[in-house]
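# Working through the structure, step by step
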Amino acid sequence: MKKLLIILIMGFISISYFGITLKIGVYENPPLSYAEGGKIKGILPDVFNYIAKKENIEIKYMYLPFYETLDSLENDLLDIVLGVGYTKERGDIFYYNKIPFYTNYGKIYSQKNEKINTFFDLKNKKVGVLKKDIFYIGDKGIKKINDDFDLNIKFIEYNDYKEIFDALSKKEIESGVVSRFAGMALYRKYNVLETPISFYLINVYLVYHNQNLKNLISKIDNDLKTLKDDPKSIYYQTINKYIHREKIPSWVILLLIISIIAFVLFIFIIWFMERLIKKRTAELRTQIELSKKQKKEIENLFNSLNEYTKKLSKTKEKLANSEKLLKSIIENSKDGIIYVDKGLNVILANSIFKHWTKRDFCKDLKEGDNLKDIFKGEDRFFEEFKLSLNKGKNFIVEKPIKRLDGSTYWVSNNYYPIFNDKAEIIGAALISRDITELKENEKKLRNFAYYDSLTKAFNRRAGFHFMEELVLLSKRENTPITIGFIDVDNLKTINDKYGHAAGDKALQIISNVIKNNTRKSDIVARYGGDEFFIALYNCNLKDAKRIEENITNDLIEISKKEKINYSVSFGFIEYDHKETVDSIISKADEIMYQNKRKKKQ
């Protein structure tokens, strides 16, 4: 009887976890997912197919517009949707797996005649967005940015990213918001402009609505983690298969091809004409010596020679015009361009590079100068040129440059070796681009990604990330770490009595007091709403209690001055490395609520 019961249980488990069929929702988002020839392709389906095969899962893909995938999932018409970012609203409805499939961010694209470099350039514009897309309606999406900066953007909603690019190419909209992967795959095809605006860094997961799938999702998470930990796994093979990065800008390749063709053509024509002239001249002299009777023929040869000479003159004129055109392109480039020989003597430099030299080093640069005389002490600059000359390979260096007034700007230096027709290196070229604005935008993006906009403390995601790193460090160094959960008392009362501006000010004051009483090595993050959490490195509960008293005393003093009662409740617990960060936060949260109840009593 017991054996029969065991067999029935094992059979039930097998039916529950093996050989099941899942309805998977995907949407048009190349190269992550797309439909081609009646098949679903892309990075997400390929990786998920591999995991599904390993776990003996049958897959039925449902190809829908993005907004319909979420509606279908909520109505249990789908089991899972691939490639969804987290928002609080979605988190209230759906469940997310723990291991993100990839990291993504939003990009702005525009018509080629539009000059859009910042969010403020979108004011009063028609902007295409994907319906229900996180980069549209998310916590830090374009709609939130529009509201924060009062940009008066007119949003036009579309069903997929291809529709946005199609509308851009037809000039129905002036700009479009798409994911960076879709932008990389599509924007050249539709002949639109990639702007420098990037925003809202997110992790992308698979989502599900049926809680009964939780154990199966855990298995998928384990498989996904194993794939991501192995650099040679199918996960990275699939990414490399669909995504190719262009290493050299296309305009640089075009410029080099034109230069090489013009140079080779010039050498060939000169060589050919010289041979032809020598041959005709030799024939002419021979015939003069042989007979005066051949005078007429000789005159014809001279006429032929004159025709060739005219053609040679025209060819030289065309080459001269080509050289003028090339110099005009170089001179009118927005980048600084310089070409030197193997001894670092300047052969050519455009006005932009000369202007930068005058501005940053107070030196006049002209053709024939030696770089070592102009840029004395800039040894790294000389080493970069020598590397290009010795290795015979192009490379890129990004670095800051200090001006005479003490300010700093960033440049991207592209070094290219120059070869003659014998494949011998005869010099090197440098194309230098000012990327200061790009670096500033990257810095702003990092602030968007890591910091809470109101309190300037770490946001929840960044706080958890850095706290996990601090926990690993404490485990490796065998030092204590204390986790604290802090809740603001009576914030609703402050909001109701003094207004929401006073409530925001209260959160800012409390955040500053917490940061002032902790070290730079500690983590202070806003959990959400009126809750904060902190991680105190090399700190036990006794030390944490002293920090709690200091924070409480500072808030009492501020309350007296502001005539508003600012207070918080604490929950501290010393971290046990056998537990997860989530579980220890939950315990600290419970301790805090116990202390809050005691305070009220």
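Computed from a predicted model, the values in this text were never measured in an experiment.

### Regarding the overall build of the chain
Each helix and strand in the chain was counted, giving 21 helices and 20 strands. Counting every position in the chain, which comprises 601 residues, the buried fraction comes to 42%. The contacts of the chain with a sequence gap of at least 6 include a subset with a gap of at least 24, amounting to 66%. Looking at the chain as shown, the accessible area adds up to about 34900 Å², and 54% of this sits on carbon and sulfur atoms.

### Section: unusual backbone geometry
That bond from P30 to P31 is cis: its omega, 0 degrees, falls within 30 degrees of zero. Among the structural elements, P31 can be located in the loop between β1 (21-26) and β2 (34-36).

### Re the sheet that holds strand β17 (residues 481-488)
Here 4 strands make up an open sheet; going across it, the order is β18-β19-β17-β20 and the pairing antiparallel. Lying at the two open borders of the sheet, with one neighbouring strand each, are β18 (523-528) and β20 (568-574). Sheet twist, expressed as the average angle between the axes of neighbouring strands with direction ignored, equals 20 degrees. Where β17 lies against β20, 7 bridges are found, and the strand directions are antiparallel. Residue I486 lies in a different strand from β20, and its bridge partner there is F570.

### Looking at the packing of aromatic side chains
Per the stated rule, a full pass over the model turns up 30 aromatic pairs. Their ring planes at 85 degrees and their centres at 5.4 Å tell us that Y102 and F181 sit as a pair that is edge-to-face. Of the two residues, Y102 is situated in strand β7 (residues 102-110) and F181 in helix α8 (residues 180-186); the sequence distance between them amounts to 79 residues. Judged by centre distance (5.9 Å) and plane angle (15 degrees), the ring pair of F570 and F572 falls under stacked. An aromatic cluster is built from F353, F375, F381, F382, F385 and Y415, whose rings are joined through pairwise contacts. One cation-aromatic arrangement involves K131 over Y67; the distance from NZ or CZ to the ring centre is 4.2 Å.

### Observations concerning helix α7 (residues 161-169)
Of all the positions in α7, only Y161, I164, F165, A167 and L168 are classed as buried. The arc enclosing the buried residues of α7, seen along the axis, measures out at 160 degrees, which places them on a common side. Against the buried residues of α7 lie β7, β8 (126-130), α5 (134-137), β9 (154-158), β10 (175-179) and α8. At the N-terminal end of α7, a side-chain oxygen is found 3.0 Å from the backbone nitrogen of K162, two or three residues along, and the residue is D160.

### Observations regarding the nonpolar core
Counting 76 residues, the largest nonpolar core has I80, I142, F165, F199 and L206 as its most contacted members. When residues in this core are grouped by element, the largest group, 9 residues, is from strand β11 (residues 193-208). Not counting residues within four places of it along the chain, the set of residues in contact with I142 comprises F119, L122, V129, F135, Y136, I153, F155, V177 and F199. One finds I486, F532, I551 and I564 within the second-largest nonpolar core, a separate group that totals 26 residues.

### Regarding the pairing of β1
Strand direction decides the pairing type here: β1 and strand β4 (residues 58-63), joined by 6 bridges, are parallel. The partner of T21 across the bridge, within β4, is E58. Two strands pair when backbone bridges link them, and β1 and strand β5 (residues 80-85) are joined in this way by 2 bridges, in the parallel orientation. What sits directly across from G25, in β5, is V81.

Calculation rules
- Residues numbered from 1 in each chain as written.
- Predicted model: local features only at pLDDT ≥ 70, side-chain atom pairs only at ≥ 80, totals over all residues.
- Heavy atoms only, no water.
- Helix = DSSP H or I, 4+ residues; strand = E, 2+ residues; numbered from the N terminus.
- Buried < 20%, exposed > 50% of the residue type's maximum accessible area, 1.4 Å probe, protein only.
- Contact = heavy atoms within 4.5 Å.
- Areas by Shrake-Rupley, 256 points an atom, 1.4 Å probe, with all protein chains shown as cover.
- Pairing = 2+ DSSP bridges.
- Axes fitted to C-alpha atoms, helices over the stretch in contact; angles between N-to-C directions.
- Phe/Tyr/Trp six-rings, centres within 6.5 Å; stacked < 30°, edge-to-face > 60°.
- Lys NZ or Arg CZ within 6 Å of the ring centre and 35° of its normal.
- Arc of directions from axis to C-beta.
- Polar contact = N/O pair within 3.5 Å; in protein donor to acceptor, adjacent residues only side chain to side chain.
- Core = buried A, V, L, I, M, F, W, Y, C linked by side-chain atoms within 4.5 Å.

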